[in-house]
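# Fold and contact review
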Amino acid sequence: MDFDMREILARLVDGSRFHEYQPRYGRSLVCGFARLHGYQIGVLANNGVLFDDSALKGARFIQLCDMNRTPLLFLQNITGFMVGSEYERRGITKNGAKLLMAVSGAAVPKFTVICNHSHSAGTFAMAGRAFDPRFLFTWPQAQIQGADQATRVLTDVKAKHLTVDDRRLSAQDYEATRQSILEEYKMRSSAYYATSEIWDDGILDPVDTRTALAIAVSASLNAPIETPHHGLFRM
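Read on for an overview of the structure. Predicted model, so just to flag it, every value in this text is computed and none were measured.

### With respect to the nonpolar core
The biggest cluster of nonpolar side chains holds 27 residues, and the ones touching the most others in it are Leu44, Phe61, Ile62, Leu72 and Phe74. With five residues, the top contributor of residues to this core is helix H2 (residues 52-67). Leaving out residues up to four positions away in the same chain, Ile62 has contacts with Leu44, Leu72, Phe74, Leu99, Ala102, Val103 and Ala106.

### A few points about the sheet that holds strand S1 (residues 19-20)
Spatial strand order, S1-S2-S3-S4-S5-S6: six strands in an open sheet with mixed pairing. In this open sheet, the two strands that pair with only one neighbour each are S1 and strand S6 (135-138). Judged from the six bridges that link them, strand S4 (residues 72-78) and strand S5 (residues 110-118) form a sheet pairing that is parallel. Following the sheet pairing, Gln76 is matched in S5 by Ile114. Contacts from H2 reach strand S2 (29-36), strand S3 (39-46) and S4 within the one sheet, and its direction differs from that of S2 by about 25°.

### Some points on the packing of aromatic side chains
Evaluated as defined, the whole model comprises seven aromatic pairs. On the basis of an interplanar angle of 75° and a centroid distance of 5.6 Å, the ring pair of Tyr193 and Trp199 is categorised as edge-to-face. For Tyr193, a relative accessible area of 17% gives the class buried. Accessibility expressed as a relative area gives 38% for Trp199, which makes it partly exposed. Feature note: the residues Tyr21, Phe33 and Phe61 constitute an aromatic cluster, connected by ring pairs.

### Quick word on the pairing of S5
Burial analysis of S5 places nine of its nine residues in the buried class, the great majority of the element. Alignment of S5 against S6, held across four bridges, turns out to be parallel. Across the sheet, the residue bridging to Ile114 is Thr138, located in S6.

### Quick look at the packing of H2 against helix H4 (residues 92-105)
For the pair H2 and H4, interaxial distance at closest approach is 8 Å and the crossing angle is 25°. One element, H2, and the other, H4, form an angle in the roughly parallel class. The chirality of how H2 crosses H4 is left-handed. Contact residues: H2 offers Asp52, Ala55, Leu56, Gly58, Ala59, Ile62 and Asp66, while H4 offers Ile92, Asn95, Gly96, Lys98, Leu99, Ala102, Val103 and Gly105. Considered class by class, the residues forming the contact of H2 with H4 number eight nonpolar, four polar and three charged.

### Re the pattern of salt bridges
Side chains bearing opposite charge may pair, as long as their charged atoms lie close to each other. Applying the stated criterion to the full structure yields six salt bridges. Glu86 is the salt-bridge partner of Arg90, the closest N and O atoms lying 2.4 Å from each other. With Arg90 and Glu86 both in helix H3 (residues 85-90) and four residues apart, this pair spans about one turn of that helix. Accessibility expressed as a relative area gives 46% for Arg90, which makes it partly exposed. Across the salt bridge formed by Arg129 and Asp201, the nearest N and O atoms sit 3.1 Å from each other. In this pair, Arg129 sits in the loop between helix H5 (122-125) and S6 while Asp201 sits in the loop between helix H8 (191-196) and helix H9 (209-220), placing the two residues 72 residues apart along the sequence. The class of Arg129 is partly exposed, set by a relative accessible area of 34%. Taking relative accessible area as the criterion, Asp201 reaches 37% and is therefore assigned partly exposed. Through salt bridges with shared partners, a single ionic network connects Asp4, Arg6 and Glu20.

### Focus: the side chain of Glu20
Considering the arrangement of structural elements, one finds Glu20 in strand S1. Apart from residues lying up to four places away in sequence, Glu20 is in contact with Arg6, Val30, Cys31 and Gly32.

### Some words on H4
An ideal rise of 1.5 Å per residue puts 20 Å on 14 residues; H4 measures up with 20 Å between its terminal C-alpha atoms. Buried within H4 are the following residues: Ile92, Asn95, Gly96, Lys98, Leu99, Ala102, Val103 and Gly105. For H4, the elements touching its buried residues are H2, S4, H3, S5 and H5.

### Quick notes on the environment of Leu99
Secondary-structure assignment places Leu99 in helix H4. Beyond its immediate stretch of four places on either side in the chain, Leu99 contacts Leu50, Ala55, Gly58, Ala59, Ile62 and Ala125.

So, how was this worked out
- Residues numbered from 1 in each chain as written.
- Predicted model: local features only at pLDDT ≥ 70, side-chain atom pairs only at ≥ 80, totals over all residues.
- Heavy atoms only, no water.
- Core = buried A, V, L, I, M, F, W, Y, C linked by side-chain atoms within 4.5 Å.
- Buried < 20%, exposed > 50% of the residue type's maximum accessible area, 1.4 Å probe, protein only.
- Helix = DSSP H or I, 4+ residues; strand = E, 2+ residues; numbered from the N terminus.
- Contact = heavy atoms within 4.5 Å.
- Pairing = 2+ DSSP bridges.
- Axes fitted to C-alpha atoms, helices over the stretch in contact; angles between N-to-C directions.
- Phe/Tyr/Trp six-rings, centres within 6.5 Å; stacked < 30°, edge-to-face > 60°.
- Parallel < 35°, antiparallel > 145°, perpendicular 65-115°, else oblique.
- Left-handed = near helix turned anticlockwise from the far one by under 90°.
- Nonpolar A, V, L, I, M, F, W, Y, C, P; charged D, E, K, R; others polar.
- Salt bridge = Lys/Arg side-chain N within 4 Å of Asp/Glu carboxyl O.
- Expected span 1.5 Å × (residues − 1).

What follows is the structure, given as structure tokens:
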């Protein structure tokens, strides 16, 4: 399901007012400031895969929020970083590393909502569970991993393992193996499976998201915010 994250923000923040940061640069990542029940927050929301410019934009925005002690809200609908030799030349690896370091080193409270897709390295870049957000919520339609991509890779790996023993999968066996892996991955990528494994802090009805996040932000501000501890950003 594709949608513009600005439409989500219009229904989430106070008065639908959103001050966007560098709107014409790195357009696949929407960044900006808003208020949520009166609390100022910095928002990073995906409008597609992460390119080199959007990753750099996100890293700079997180540093800005860290300096003025603004809590960060990540809205995930991400299938990962863009790959390919052209994007490698543009600096996707370097800028992606900057974004990951900015997220991991941010001292301000972080909150994550998985609105739709949450795949690959994009999960980490957008403050996934491994990067310790204060709260991580999912929506009912969220998908935690890319079933089709993972299925293709695992099926090919199994087929290659058989070639070592001079065996080959027939077309029928290949398809049966693929379907078996696909069904398992679709089940495990469900938001309901993820929450049963306590990979999140609960599934939210989208209409309750605004209230739940406001309570979470209010609770987090009862503790002092530490000094940012980023590493060196290679320019």
